[in-house]
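# Inside the fold
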Number of protein chains: 2
Amino acid sequence: MTVTYAYEALPVAEWFRRNREIAGFQNPARAMYQTVRELVENSLDATEPYGILPNITITIKPVDEAKSWYSVYVEDNGVGIPGHEIPNVFGRVFYSSKYKIKQHRGVFGLGLKMVVLYAQSTTNRPISVRSAAVRSDKIYEYRIMIDTTKNEPIIVDMREYENKYKWHGTAVKVVIEGNWLNSKKRIEEYLRRTAIISPYAEIYFKGPDMEMFLKRRTIKIPPPPEEGLPHPKSVDVDTVKQMISESKTATLAEFLINNFDGVGEGLARSFLEWAALDPNKPVGSLTQDEIVLLVEKMKAYEGWRRPRADWLSPAGPELLEVGAKSILGAEAVFAVTRKPSSYSGHPFIVEAAIAWGGQIVPVDKPILLRYANKIPLLYDEGADVARKVVDEFNWQNYKVKFPAPVAVIIHVCSTKVPYASAGKEAIAEIQEIEEEMKLALRDAARKLRIYLSRKERELELLNKYTSLAKYVDEIAHNMAIVTGLDKDALAKSLYKLIENKLGLTVEELAKHVLSMASSIKEEAAEQG
Amino acid sequence: MTVTYAYEALPVAEWFRRNREIAGFQNPARAMYQTVRELVENSLDATEPYGILPNITITIKPVDEAKSWYSVYVEDNGVGIPGHEIPNVFGRVFYSSKYKIKQHRGVFGLGLKMVVLYAQSTTNRPISVRSAAVRSDKIYEYRIMIDTTKNEPIIVDMREYENKYKWHGTAVKVVIEGNWLNSKKRIEEYLRRTAIISPYAEIYFKGPDMEMFLKRRTIKIPPPPEEGLPHPKSVDVDTVKQMISESKTATLAEFLINNFDGVGEGLARSFLEWAALDPNKPVGSLTQDEIVLLVEKMKAYEGWRRPRADWLSPAGPELLEVGAKSILGAEAVFAVTRKPSSYSGHPFIVEAAIAWGGQIVPVDKPILLRYANKIPLLYDEGADVARKVVDEFNWQNYKVKFPAPVAVIIHVCSTKVPYASAGKEAIAEIQEIEEEMKLALRDAARKLRIYLSRKERELELLNKYTSLAKYVDEIAHNMAIVTGLDKDALAKSLYKLIENKLGLTVEELAKHVLSMASSIKEEAAEQG
């Protein structure tokens with residue numbers, strides 16, 4: 001047996017270039033979709049959190065149809081990137097805006113670089129970037145590639161010029177191998193669903209054979225999420241060790257107060273007393289085992305405050321209802337925004353909406369629309385924990401018998417969405433999130449059940465009324481002959497009788513039937 | 001609007017620690033399964049390719065039940081790791097055995113480090129490693145952690161001692177937060193399926209409440225895959241650029257001959273003539289655009305040889321049939337190993353088997369068993385291109401009407417399996433692979449159709465025979481009374497008559513019915 005032992009370190013950029021499938025760049029169609037997605041999400045992250053109403057232009061053009069080369073251009077009116085940072089932001093893997101606990105669409109700081117690496121591998125063309133930061137005197141233009149063996153940007157060329165009109169924003173152009181035919185529908189669907197959950201954005205999209213303009217439908221922009229500290233309930237040992245290495249001289253009490261969300265003097269002392277730990281001990285002197293113990297106790301303690309919701313920016317029930325009605329043409333929508341919860345120190349909120357009837361075609365299992373931090377997720381539904389929750393849900397308990405006209409929207413927002421792959425298309429099976437999804441679905445389904453029960457009762461009432469009312473004319477006619485009284489007057493008193501018996505007048509009944517949907521919904525909302 | 005611009009680079013190990021979900025470490029149950037998987041695959045990769053019959057021992061023990069801490073221990077008799085390389089192999093992300101074009105189970109060089117990072121984040125315990133390389137005089141023991149900010153190993157302690165009995169192999173122990181209850185079934189299933197496709201391995205597994213011994217069923221080990229060069233048909237621009245930078249002075253012809261699979265003098269010249277490129281031009285003098293052109297031509301050229309199969313180690317039809325029959329208790333199995341094909345310079349082979357009847361319960365869509373480089377894939381079936389291919393397959397054309405007792409095995413082996421995530425549970429949608437899967441399935445389904453048609457005919461024949469035969473006794477009885485002849489003799493001649501009419505003796509028919517399954521299968525195999 002001859003065995004040769006040889007080892008080497010692979011540069012990080014080269015690793016990602018070779019393994020681009022894991023970031024969603026697995027074939028030309030999917031890569032084209034992923035490119036649009038990464039660029040649009042960067043544009044939304046450069047506008048919305050700063051209170052800027054997003055204006056986004058996307059253009060896809062064939063460059064060489066024989067080779068399936070396309071240019072993808074995305075421009076926004078965001079905060080821009082300072083000139084000297086542009087090469088690193090586009091040309092160095094794992095370099096991005098500073099890591100903060102705050103909800104944003106981009107999580108891996110990887111998307112842009114994957115776009116650059118994909119362009120490089122397929123067409124060998126550099127990415128073109130034009131950007132100006134807010135109040136910048138200059139506009140910067142760069143053409144950049146990545147040296148994958150060194151993980152460094154290669155500046156192919158650059159120029160700067162006067163920013164006469166104080167423009168700010170970023171425009172990016174890449175030439176990639178794509179497949180327009182097979183990605184067109186997904187890209188359109190992606191932009192449409194984006195516009196639904198971000199109706200304050202204005203999106204113009206021009207493809208090789210089509211044009212689409214998604215108008216701004218409101219100028220109300222949700223309050224930007226704030227930055228925050230991790231929640232003490234469930235940080236891990238390694239994170240705490242890193243925090244300690246940055247503040248060695250602090251006492252245990254100070255350390256907790258300064259580094260964690262919602263921990264004041266009183267709460268820190270209560271916790272440390274409960275945990276039998278000395279509040280005045282400097283954290284720098286803790287042994288490895290003591291740090292492990294501290295983290296265990298932090299996990300076990302039940303007295304912490306709930307994570308703050310102001311880091312997160314959920315859509316809210318009204319927006320979800322408007323969205324679901326407008327895409328799906330539903331008869332009724334029941335939406336729920338859960339209170340914040342947390343996993344591994346990251347707060348998250350689950351929202352769910354159940355859409356019923358109307359234009360929804362009855363199906364054997366519910367249609368599912370998935371969102372994460374307002375990003376529509378279109379691929380890999382089978383790998384998403386939301387699909388599992390919806391499939392395992394006991395719909396029968398809520399009066400839903402399949403096939404039924406039902407669709408479900410599930411939105412997770414978090415300072416860190418736990419995606420199951422770097423392609424960001426499916427949410428991983430995190431127990432805390434799965435649990436919240438179940439509860440959100442249950443809350444929404446309860447409202448649906450009230451609606452469906454009420455509808456059943458109304459239908460019963462209506463059937464009862466019509467089954468009696470259809471004899472009124474004949475009875476009145478016969479009675480009129482026998483008694484010599486006026487037939488119409490008799491009919492009227494007979495109707496009266498039926499109405500009294502049912503506890504409703506005809507007008508009331510009619511009105512009631514007409515306004516059924518909205519009135520029941522309100523009631524359900526109050527009870528929910 | 002106040003905008004703060006702040007950017008930073010995140011160290012690679014820290015990035016993976018924070019994003020461990022993408023490598024399959026998303027909750028304690030899944031992380032436990034993933035840990036076993038990564039360690040077992042390393043063990044198989046350290047034995048089988050070197051012609052060593054694998055002996056693998058896996059032990060899972062509770063360490064602290066209140067905290068859900070478990071130790072996972074995996075030991076093998078593989079080629080081991082040289083002592084001085086152990087810290088880097090376990091403690092540095094993207095450091096691994098030299099990148100070669102050769103089929104192996106581990107692809108990302110990431111699994112081991114993710115196990116170490118996960119242990120570190122949950123229990124803060126180092127990984128324990130004991131290893132000796134082949135013919136090493138010493139056995140090395142290390143306890144290692146990873147400094148995630150520097151991506152460097154931390155050696156907690158180490159010792160070395162004499163290797164008296166010339167042992168070689170590796171034993172690894174980690175303490176992790178796990179969930180035995182929820183991972184038990186998956187781990188058992190994973191090991192069982194591993195034993196099916198690698199019957200030359202001996203696997204002993206002891207869990208907290210069970211024990212499992214998977215005996216070696218053959219000592220025939222498949223020939224180890226050889227190392228090779230990339231196939232010229234579909235390498236990308238970046239790869240070619242890197243290759244050129246390592247051999248600048250070579251002429252175009254030399255460059256092609258030395259760097260690509262199956263390219264000799266004649267073929268290189270034919271190609272370059274076809275592409276109108278000068279064979280004597282030094283590759284170092286090619287411009288960017290000329291390199292792009294070269295790669296395009298290489299993609300477009302139809303004259304290359306098929307990629308060599310000796311890099312790959314498929315299971316083969318017999319092994320698949322044995323496997324499918326033993327797991328599924330099928331009545332019949334039809335297996336196909338396709339010829340090698342390639343995507344992006346990586347050769348691959350698709351194998352498919354269709355199992356029918358027996359203990360397989362009729363289902364609405366086929367049960368699917370997925371394998372990649374002999375690794376069973378258990379999670380994320382919905383995201384796997386194999387599931388798509390099986391679901392979109394036109395089963396009706398092959399006499400399969402659902403519900404039907406049918407199961408499908410699909411095995412992809414390649415020098416680089418394109419996983420859709422670093423968790424290695426689903427194969428990405430690569431067009432070339434999808435196409436081969438379709439063809440493999442079609443080939444296997446044709447054999448199934450022959451089998452089912454023949455079965456139908458046999459059944460018809462049998463029905464015809466029995467429908468005639470049931471009157472023999474009565475007719476013989478009546479004829480005996482009328483003719484005075486012996487009833488048994490009459491019956492015998494009547495049976496003869498029927499047999500002649502059907503062209504078979506009773507014995508032949510009986511034999512035929514009994515041996516139907518095997519005889520038809522052979523015939524189908526010959527015809528397929």
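What you see is a predicted model; the values in this text were computed from it and never measured. (Residues numbered from 1 in each chain as written. Chains lettered and ligands numbered in written order. Predicted model: local features only at pLDDT ≥ 70, side-chain atom pairs only at ≥ 80, totals over all residues. Heavy atoms only, no water.)

## Things to note about the relation of the copies chain A and chain B
To keep things clear, this is the line we draw: Least squares is the method used to superpose the copies, on C-alpha atoms of residues holding a pLDDT of at least 70 in both. Only heavy atoms matter for contacts: two residues are in contact if any of them lie within 4.5 Å across the pair.
Between the two copies, chain A and chain B, the superposition gives an RMSD of 0.5 Å; the rotation angle is 180° and the shift along the axis is 0.1 Å. In short, the pair behaves as if placed about a two-fold rotation axis. Relative to the rotation axis, the C-alpha of Gly-382 of chain A is the closest in chain A, positioned 2.1 Å from it. Most of the interface of chain A is mirrored in chain B: 100% of its interface residues are interface residues there too.

## Comments concerning the interface of chain A and chain B
Often, the extent of an interface is quoted as the loss of accessible area upon association of its parts. Note the threshold: A pair is scored as a salt bridge if a Lys or Arg side-chain nitrogen falls within 4 Å of a carboxyl oxygen belonging to Asp or Glu. Helix and strand definitions follow DSSP, with helices as H or I runs of at least four residues and strands as E runs of at least two, each counted in order from the N terminus. By the convention used here, strands pair only if DSSP detects at least 2 bridges between them.
Contact residues are listed per partner, giving 72 residues for chain A and 72 residues for chain B. Remark: the boundary between chain A and chain B carries 12 salt bridges. Here Glu-296 of chain A makes a salt bridge to Lys-67 of chain B, at a shortest N to O gap of 3.0 Å. Elements that contribute at least two residues to the side of chain A that touches chain B include exactly strand S1 (7-9), helix H1 (12-18), strand S4 (95-97), helix H4 (111-122), helix H6 (237-246) and helix H9 (288-300) of chain A. Examined bridge by bridge, S1 of chain A and strand S4 (residues 95-97) of chain B share three bridges and lie antiparallel to one another. Its bridge partner being in S4 of chain B, Tyr-7 of chain A is matched across the sheet by Ser-97 of chain B.

## Quick look at the domain arrangement of chain A
Residues and elements named next belong to chain A. What counts here: An automatic or database domain assignment provides the domain bounds reported here. Here the buried area means the combined drop in accessible surface, using a 1.4 Å probe, for two parts upon being joined, counting both sides. Identification of polar contacts relies on pairs of N or O atoms within 3.5 Å, with a donor-acceptor requirement for protein atoms, meaning one able to donate a hydrogen and the other able to accept it, and with residues adjacent in sequence counted only if both atoms are side-chain atoms.
Taken domain by domain, chain A comprises domain 1 (12-214), domain 2 (232-300), domain 3 (317-450) and domain 4 (470-527). Between the C-alpha centres of domain 1 and domain 3 there is a distance of 29 Å. Listed as interface residues are 30 residues of domain 1 and, on the opposing side, 28 residues of domain 3. Taking both partners together, domain 1 and domain 3 bury about 2,700 Å²; carbon and sulfur atoms supply 59% of that area. Along the contact surface separating domain 1 from domain 3 lie five salt bridges. In this structure, Lys-424 and Glu-38 form a salt bridge, with 3.2 Å as the shortest nitrogen-oxygen distance. Between the two partners, domain 1 and domain 3, sit eight residue pairs in polar contact (both at pLDDT 80 or more).

## A few points about the pairing of strand S16 (residues 406-414) of chain A
Residues and elements named next belong to chain A. Counted only if it meets this: Exposed residues in this analysis have more than 50% of their type's maximum accessible area, buried residues have under 20%, and partly exposed residues fall in between, with area computed by a 1.4 Å probe over protein chains only.
The buried fraction of S16 is high, at nine of nine residues. Side-chain alternation along S16 places Val-406, Val-408, Ile-410, Val-412 and Ser-414 on one buried face and Ala-407, Ile-409, His-411 and Cys-413 on a second face that is also buried. Bridge count for strand S13 (residues 346-356) against S16 is nine bridges, and the pairing is antiparallel. Residue pairing across strands places Val-350 opposite Val-412, the latter belonging to S16. Direction of pairing for strand S14 (residues 367-372) relative to S16: parallel, over a ladder of six bridges. By the bridge assignment for S16, Tyr-371 is matched with His-411.

## Description of the pattern of salt bridges
Per the counting criterion, the structure on display carries 82 salt bridges over all chains. Across the salt bridge formed by Arg-17 of chain B and Asp-236 of chain A, the nearest N and O atoms sit 3.1 Å from each other. Highlighted residues: Arg-17 of chain B in helix H1 (residues 12-18) and Asp-236 of chain A in the loop between strand S10 (210-214) and H6, drawn from two different chains. The same class applies to Arg-17 of chain B and to Asp-236 of chain A, which are both buried. Its salt-bridge partner being Glu-189 of chain B, residue Arg-192 of chain B comes within 3.5 Å of it at the nearest N-O pair. With Arg-192 of chain B and Glu-189 of chain B both in helix H5 (residues 180-197), this residue pair falls three residues apart, about one helical turn. Given the relative accessible area of 36%, Arg-192 of chain B is considered partly exposed.

## Focus: the packing of helix H7 (residues 252-259) of chain A against helix H8 (residues 265-274) of chain A
Residues and elements named next belong to chain A. In plain terms, the rule: To define axes, lines are fitted to C-alpha atoms, for helices over the stretch in contact only, and angles between the resulting N-to-C directions are given on a 0 to 180 degree scale. Working definition: roughly parallel below 35 degrees, roughly antiparallel above 145 degrees, roughly perpendicular at 65 to 115 degrees, and oblique for all remaining angles. Take the far helix as your reference; a near helix turned counterclockwise from it by less than a right angle gives a left-handed crossing, and one turned clockwise gives a right-handed crossing.
Close contact between H7 and H8 brings their axes to 9 Å; oriented N to C, the two are set at 130°. Relative to H8, the element H7 lies oblique. Considering only the axes of H7 and H8, their crossing is right-handed. Note on element contacts: H8 touches H7 through Glu-265, Ala-268, Arg-269, Phe-271 and Leu-272, opposite Leu-252, Ala-253, Leu-256 and Ile-257.

## So, the side chain of Arg-30 of chain A
Residues and elements named next belong to chain A. Position of Arg-30 relative to the elements: it lies in helix H2 (residues 28-45). Assessed through its relative accessible area of 5%, Arg-30 is described here as buried. Apart from the residues within four sequence positions on either side, Arg-30 is in contact with Gly-24, Tyr-379, Asp-380 and Glu-425.

## Section: the pairing of strand S14 (residues 367-372) of chain B
Counted residue by residue, S14 of chain B has five buried out of six residues, so it is predominantly covered. In this structure, the hairpin formed by S14 of chain B and strand S15 (residues 375-377) of chain B is closed by a connection of two residues, where Asn-373 of chain B is found at a positive phi of approximately 45°.

## What to know about the sheet that holds S10 of chain A
Residues and elements named next belong to chain A. Strand order in the open sheet formed by eight strands is S7-S6-S5-S8-S3-S2-S9-S10, with mixed pairing between adjacent strands. In this open sheet, the two edge strands, each paired with only one partner strand, are strand S7 (152-162) and S10. Here the strands of the sheet are splayed against their neighbours by 10° on average, with no regard to which way each runs. Pairing of strand S3 (residues 69-76) with strand S8 (residues 169-177), which is carried by eight bridges, proceeds in the antiparallel orientation.

## Some thoughts on the side chain of Asp-76 of chain A
Residue and element names in this part refer to chain A. For the record, the criterion: Working convention for charge: Lys and Arg count positive, Asp and Glu count negative, and His plus the chain ends are omitted.
Locating Asp-76 in the fold gives a position in strand S3. At 9.7 Å, Arg-130 is the nearest oppositely charged side chain to Asp-76, a buried residue that forms no salt bridge. Within the structure, the side chain of Asp-76 is placed 2.8 Å from the side chain of Ser-43, a separation counted as a polar contact. Those residues in contact with Asp-76 that lie beyond four places of it in its chain are Ser-43, Asn-55, Ile-56, Trp-167, His-168, Gly-169 and Thr-170.

## Looking at the confidence of the model for chain A
Residue and element names in this part refer to chain A. Here is the rule: Residue-level confidence of the predictor, termed pLDDT, takes values from 0 up to 100.
Confidence in the prediction of chain A, expressed as mean pLDDT, is 85, and 88% of residues score 70 or more. Across chain A, the element-wise mean pLDDT spans from 51 in helix H14 (residues 506-527) up to 98 in S3. Taken as a whole, residues 512-520 scores under 50 in pLDDT and shows 10 contacts with residues more than four places along the chain or in a different chain. Note on the complex model: pTM 0.78, ipTM 0.75.

## Some remarks on the environment of Ala-66 of chain A
Within the secondary structure, Ala-66 of chain A is located in the loop between strand S2 (55-64) and S3. Residues Ala-66 of chain A and Ala-420 of chain A, spaced 354 residues apart in sequence, show a C-alpha to C-alpha distance of 35 Å.

## Remarks on the sheet that holds strand S10 (residues 210-214) of chain B
Residue and element names in this part refer to chain B. If you walk across this open sheet you meet the eight strands as S7-S6-S5-S8-S3-S2-S9-S10, and the pairing is mixed. With one partner strand each, in any of the chains shown, strand S7 (152-162) and S10 form the two edges of the open sheet. Each neighbouring strand pair of the sheet contributes to a mean axis angle of 10°, computed without reference to strand direction. Alignment of strand S5 (residues 127-132) against strand S6 (residues 138-147), held across five bridges, turns out to be antiparallel. Among the inter-strand pairings, Ser-128 is bridged to a residue of S6, identified as Arg-143.

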